[in-house]
Amino acid sequence: MRFSGKVALVTGAAGGIGAAIVKRLRAEGARVAVADRDVDGIEGEAHLPGDLLSAEYADGLAQAAYDLMGGLDILVNNAGLMARGAVTEISDSDWVQSVGVNVEAPFRICRAAIPLMARNGGGAIVNVASCWGGKAPGPNHAVYCMTKAAIASLTQCMGMDHAHQGIRVNAVCPNEVNTPMLRSGFVKRGFDPATAVAEMGKTTPIGRIAEPEDIADVVLFLASDAARYMCGALVEVNGGRPVS
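Residues numbered from 1 in each chain as written. Predicted model: local features only at pLDDT ≥ 70, side-chain atom pairs only at ≥ 80, totals over all residues. Heavy atoms only, no water.

A.B. asks: Let's hear about the sheet that holds strand β5 (residues 123-128): which residues, and what values?
C.D. replies: One open sheet holds the seven strands; their spatial order is β3-β2-β1-β4-β5-β6-β7, and the pairing between them is parallel. The open sheet terminates on both sides in strands that have one partner only, identified here as β3 (46-49) and β7 (234-237). Geometrically, the sheet is characterised by an average inter-axis angle of 15° between neighbouring strands, direction not taken into account. Examined bridge by bridge, strand β1 (residues 7-11) and strand β2 (residues 31-36) share five bridges and lie parallel to one another. Across the sheet, the residue bridging to L9 is A33, located in β2. In this fold helix α1 (residues 16-27) packs onto β1, β2 and β4 (74-77), with an angle of close to 170° to the strand it touches most, β1. (Pairing = 2+ DSSP bridges. Helix = DSSP H or I, 4+ residues; strand = E, 2+ residues; numbered from the N terminus. Axes fitted to C-alpha atoms, helices over the stretch in contact; angles between N-to-C directions. Contact = heavy atoms within 4.5 Å.)

What follows is the structure, given as structure tokens:
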């Protein structure tokens, strides 16, 4: 029960990775506030539905969790979306949504959460970046990679700026993960998702692509006291598979 007595806020809680993070945190004693556009059916101690493209919602999310739960010890900025294609294939809508959800929302939530955590002696923030952009460039995902590079850099900067307040800020950088978002991308491109996931696994040295739980376990490590000397780290979780 590493997180007994701790309060966590998880964005993107309805997604594959987010749901795994919430389940793991609650299993280890945390009380969790879940945030997503639709939180119906998601188990958690507080439900905070809303649209991260709304500045008002993002600005108020940390305070809402704090008020409902009586504190805030852990923040996991997991929500994200993927716009595929070269720059010339990206629409204005793709741009606005990608930057809004992947960069601006985590910035706003962190900006509000850090003073709340500092008031109570510290906390842990874990951002979900990516091997794509966060650690290396990738083909045909220009805007997605740009946003993940931005959140990776923001993580490193906040890690330095707020360590003295007892707040550790780190990021996990997954490669491909077997989530509904990945599978829907295969469908859009005309591939059978089960076949595509299996074929991708053959090119991964460990023999398969990641499952959401593989990422959730690293997120929980970074949020725990076991990672007490990690700050501003970008932890790559890729099964040995490089960005390609």
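A.B. asks: Lay out empty space enclosed by the protein with the relevant residues and their values.
C.D. replies: It is a probe the size of a water molecule, rolled over the atoms, that shows where empty space is left. The full count for this structure, using the stated rule, is one cavity of 30 Å³ or more. Volume-wise, the largest cavity comes out at about 40 Å³. At the level of secondary structure, the elements contributing two or more residues to the lining of the largest cavity comprise α3 (92-119), β5 and α5 (142-162). Each residue belonging to the lining of the largest cavity can be placed in one class, and the counts come to four nonpolar, three polar and one charged. (1 Å grid on protein atoms, 1.4 Å probe; cavity = no way out; pocket = protein on both sides within 12 Å on 5 of 7 lines; lining within 4 Å. Points joined across faces, edges and corners; volume = space filled by probe spheres on them. Nonpolar A, V, L, I, M, F, W, Y, C, P; charged D, E, K, R; others polar.)

A.B. asks: Give a detailed account of the layout of surface pockets, specifying residues and quantitative values.
C.D. replies: Roughly 1,100 Å³ of internal volume is contained in the largest pocket. Taken together, 47 residues line the largest pocket, and the ones lying closest to its centre are G80, L81, M82, T179 and M181. Put simply, the parts of the chain that give the lining of the largest pocket at least two residues each are α1, β2, α3, α5 and α6 (180-188). With four residues, the single largest contributor to the lining of the largest pocket is α6. Looking at side-chain class alone, the lining of the largest pocket contains 22 nonpolar, 16 polar and nine charged residues. In this model, the second largest pocket occupies a volume close to 300 Å³. Lining of the second largest pocket is provided by 18 residues; of these, G123, A124, R168, A223 and D225 occupy positions nearest its centre. Counting only elements with at least two residues in the lining of the second largest pocket, the list comes to β5 and β6 (167-174). When the residues that make up the lining of the second largest pocket are grouped by side-chain class, the tally is eight nonpolar, four polar and six charged.

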